[in-house]
Amino acid sequence: MFFAYRHGRIVGLLTTILSVILLAVGCDFSETPVPPPTPTPTSVVTRTATPTRTLTPTPTPLPTATPRPTATPYPITYAEVGETVEVARLSLTVTAVISPTVDARSAPAAGNRFVVLNLAIKNTGTDAIPITVSREMLLKDGTDQIYRPSSRALAPVGGVMPDMTLAPGERIVAQVGYEIPVTASDLVFTFAADRFGAGKVYVNLP
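Residues numbered from 1 in each chain as written. Predicted model: local features only at pLDDT ≥ 70, side-chain atom pairs only at ≥ 80, totals over all residues. Heavy atoms only, no water.

J.: Would you explain the overall build of the protein in this entry?
T.: Counting its secondary structure elements, the protein contains two helices and eleven strands. Put simply, the protein runs from its N terminus to its C terminus through helices and strands in the order α-β-β-β-β-β-α-β-β-β-β-β-β. Within the protein, the proportion of its 206 residues that are buried is 29%. Sequence separation of at least 24 residues holds for 68% of the intrachain contacts in the protein that already meet a minimum separation of 6. Element-wise, carbon and sulfur atoms account for 60% of the exposed surface of the protein, whose accessible area totals about 14,800 Å². (Helix = DSSP H or I, 4+ residues; strand = E, 2+ residues; numbered from the N terminus. Buried < 20%, exposed > 50% of the residue type's maximum accessible area, 1.4 Å probe, protein only. Contact = heavy atoms within 4.5 Å. Areas by Shrake-Rupley, 256 points an atom, 1.4 Å probe, with all protein chains shown as cover.)

This is how it looks when you write it as structure tokens:
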């Protein structure tokens, strides 16, 4: 009886041991999870951006400015009675200022008087020079009023105006007369020498 009991315990113990072994074996044979395959890295193609074409405008050169010629100052010459003025190709001198004596037949208009200038003119150039008294020889007073030559003013002195052409080297003595108001003062004889490129000559009269 004792043997049967002992035998039974041994069988029970073995059964327990076997169960443990089977349990252990069962764990060993459990399905081990397979790790997923490591993905093979795929090469990434980097797209290079196409450079944008930049158009650089070519600057248009500005036209070269044409320099303006420097204006030549307008020549003006001042002189006094008895002073000789060289005007381009002419030599001009107002030698005297005369207030002619008149009679009833040659008298100026009421309120006026005559003024006569003695002139010495010489052509110092090599070409003939025409002189037009009515255009080139005027008288001006202090109010800037101008007076043209008057042939009536020359009658009392028998003078001759120099409306003529001077030959090269030729010199003449002539007169130019004016009829002006008695009240006119600060008289200036003006000789326009523009066509000779010499501007104007102003001769102050006493």
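There's more to say after this.
J.: Quick question: what am I supposed to make of the environment of Gly158 here?
T.: Relative to the elements of secondary structure, Gly158 occurs in the loop between strand E7 (146–147) and strand E8 (164–166). Accessibility expressed as a relative area gives 59% for Gly158, which makes it exposed. As a C-alpha pair, Gly158 and Gln175 span 17 residues in sequence and 9.2 Å in three-dimensional space.

J.: Which parts of the structure should I look at to understand the sheet that holds strand E11 (residues 200–204)?
T.: Sheets are built from strands that pair by backbone hydrogen bonding, the pairs being arranged parallel or antiparallel. Read across the sheet, five strands follow the order E1-E11-E10-E6-E7 without closing on themselves; strand pairing throughout is mixed. Whereas interior strands pair on both sides, the edge strands pair on one side only; in this sheet they are strand E1 (76–80) and E7. Looking at chain direction, strand E6 (residues 137–140) and strand E10 (residues 188–192) are connected through four bridges and run antiparallel. Residue pairing for E10: Met137 is matched across the bridge by Phe191. (Pairing = 2+ DSSP bridges.)

J.: Hey, could you run me through the pattern of salt bridges in this one?
T.: Applying the stated rule across the entire model yields four salt bridges. Ionic pairing is found between Asp144 and Lys140, a salt bridge with its closest N-O pair at 4.0 Å. Residue Arg152 pairs with Glu179 through a salt bridge whose shortest N-O separation is 3.0 Å. Here Arg152, found in the loop between E7 and E8, pairs with Glu179, found in strand E9 (residues 171–181); they are 27 residues apart in sequence, far enough to count as distant. (Salt bridge = Lys/Arg side-chain N within 4 Å of Asp/Glu carboxyl O.)

J.: Just checking my understanding: could you explain the side chain of Glu179 for this structure?
T.: A polar contact is formed between the side chain of Glu179 and the side chain of Asn112, at a distance of 3.2 Å. In terms of polar contacts, Glu179 uses its side chain to reach the side chain of Arg152, at 3.0 Å. Once residues within four sequence positions are removed from consideration, Glu179 is found in contact with Pro108, Ala109, Asn112, Arg113, Phe114, Tyr147, Ser150 and Arg152. (Polar contact = N/O pair within 3.5 Å; in protein donor to acceptor, adjacent residues only side chain to side chain.)

J.: For this particular structure, what's the right way to read unusual backbone geometry?
T.: In most cases, non-glycine residues show a negative phi, while peptide bonds are predominantly trans. Unlike most non-glycine residues, Ala88 shows phi in positive territory, near 50°. Looking at the element boundaries, Ala88 is found in the loop between strand E2 (84–87) and strand E3 (90–98). The class of Ala88 is partly exposed, set by a relative accessible area of 43%. Positive phi, normally seen in glycine, also occurs at Asp186, with a value near 55°. Checked against the element boundaries, Asp186 lands in the loop between E9 and E10.

J.: Would you take a moment to explain the environment of Leu154 for this structure?
T.: Inspection of the secondary structure puts Leu154 in the loop between E7 and E8. Spatially, the C-alpha atom of Leu154 lies 9.6 Å from that of Ser106, the residues being 48 residues apart in sequence. With residues near it in sequence (within four places) discarded, Leu154 still touches Val116, Gly159, Val160, Met161, Gln175, Val176 and Gly177.

J.: Explain the pairing of E9 to me, please; I cannot follow it from the model alone.
T.: Consecutive residues of a regular strand have side chains that alternate between opposite faces of the sheet. Summarising burial for E9: eight of the eleven residues are buried, a large majority. In this structure, strand E4 (residues 112–123) lies alongside E9, joined through eleven bridges in antiparallel fashion. From the neighbouring strand, Asn112 faces E9, where its bridge partner is Pro181.

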